[in-house]
Amino acid sequence: MKATTLLRTQHAETRKLFALVTSDSGDRKAAAREVSRKLLAHMIIEQSVFYPAIKEVDADLVLEAFEEHAVARYEIRRLLEALDDPRFEARGTTLKELIEHHVKEEEEDLFPKVEKALPAAKLEAMGAEMDALFAELAKADMDTLMQRSRRTGEDGSRNAAA
Ligand SMILES: [Fe+2]
Ligand SMILES: [Fe+2]
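Calculation criteria
- Residues numbered from 1 in each chain as written.
- Chains lettered and ligands numbered in written order.
- Predicted model: local features only at pLDDT ≥ 70, side-chain atom pairs only at ≥ 80, totals over all residues.
- Heavy atoms only, no water.
- Bend = angle between axes of the 7 residues up to and from the residue.
- Helix = DSSP H or I, 4+ residues; strand = E, 2+ residues; numbered from the N terminus.
- Polar contact = N/O pair within 3.5 Å; in protein donor to acceptor, adjacent residues only side chain to side chain.
- Donors = N, O, S within 2.8 Å, 3.2 Å for Na, K, Ca; no water.
- Tetrahedral: all angles 85-135°; square planar, octahedral: opposite > 155°, others 65-115°.
- Salt bridge = Lys/Arg side-chain N within 4 Å of Asp/Glu carboxyl O.
- Buried < 20%, exposed > 50% of the residue type's maximum accessible area, 1.4 Å probe, protein only.

Caption draft 1: Highlighting helix α2 (residues 28-54). The principal kink in α2, of about 45°, is found at Gln-47. Capping the start of α2 is the job of one residue whose side-chain oxygen sits 3.3 Å from the backbone nitrogen of Lys-29: Asp-27.

If you want it as C-alpha cells, here you go:
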C-alpha cells in the first residue's frame, strides 16, 4: 500500500474513534485509550519513516507537523490523566480538534505534494515499512509508545540516523 494511502486509512480510523470519545454513549474511556495508542503509533511511524523521507518535499510543513505532534502528545497525556474526571470531555474535544487540523494539513497540503514528488515505488516501500512498524507497535504498552513517540519526535534530523 502507498505510504499516503496507509496514513489516510489510519486517519479515518482515528476519526471514528474520536466520535466515540466525544459521544454520550458507549465506553468513552476505552475509546480514549484506544485512540491514544493508535495516535502515538501513527505519530511514531510518521516521525521515524515518513517525515524524514519527505523533508526535501516541504521542509516547513514537516517542521510544523513535528510541532503539532508534540502538542498532540501533551494533550494525549492530559486526556489519559482525566479518564475519571469532569475534564475528560474538554480534553477529548481539544485533542480531537487539534488532530482534525493536523490531519487536514497532511491530507490537503502535504500528501498531494509528496505523491507528486516521489516515485510510486518509493511510496510503496515506505508504506510497507510503516505498516510493519505499526503492527509491531500494536504490542507495546502506553509508556513505551509515549517514550518512543517523544524520542522520535524531538528533532527531525535525528530521526534519520536513528
Ligand atoms: Fe502527523
Ligand atoms: Fe498523520
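Caption draft 2: Representation of the coordination of the iron ion (ligand 1) in the model. Distances from the iron ion (ligand 1) to its protein donors, Glu-46 (OE), Tyr-51 (OH), His-69 (NE2), His-102 (NE2) and Glu-106 (OE), fall within 2.0 to 2.3 Å. Positions of the donor residues of the iron ion (ligand 1) along the chain correspond to the pattern E-x4-Y-x17-H-x32-H-x3-E. Separating the iron ion (ligand 1) from the iron ion (ligand 2) is a gap of 3.2 Å, which Glu-46 spans by donating to each of them. With a gap of 18 residues between them, Tyr-51 in helix α2 and His-69 in helix α3 (residues 59-80) connect regions that are remote in the sequence.

Caption draft 3: Representation of the coordination of the iron ion (ligand 2) in the model. Each protein donor to the iron ion (ligand 2) is listed here as His-11 (NE2), His-42 (NE2), Glu-46 (OE) and Glu-106 (OE); together their distances run 2.1 to 2.2 Å. Of note is the iron ion (ligand 2), whose four donor atoms meet at the metal with angles of 84 to 174° in an arrangement that counts as irregular. In the primary structure, the donors to the iron ion (ligand 2) are separated according to the pattern H-x30-H-x3-E-x59-E.

Caption draft 4: Structural context of the pattern of salt bridges. Summed over the entire model, instances satisfying the criterion amount to 13 salt bridges. Taking the shortest distance from any N to any O, the salt bridge between Lys-38 and Glu-13 comes out at 2.9 Å. Of this pair, Lys-38 sits in helix α2 while Glu-13 is found in helix α1 (residues 3-21), placing the two residues 25 residues apart along the sequence. Residue Lys-38 is classed as partly exposed on the basis of its relative accessible area of 22%. Measuring nitrogen to oxygen at the nearest pair gives 3.1 Å for the salt bridge that ties Lys-104 to Glu-108. Of this pair, Lys-104 and Glu-108 both sit in helix α4 (residues 88-117), separated by four residues, roughly a single helical turn. Connected through shared salt-bridge partners, Lys-2, Arg-8 and Glu-115 make up one network.

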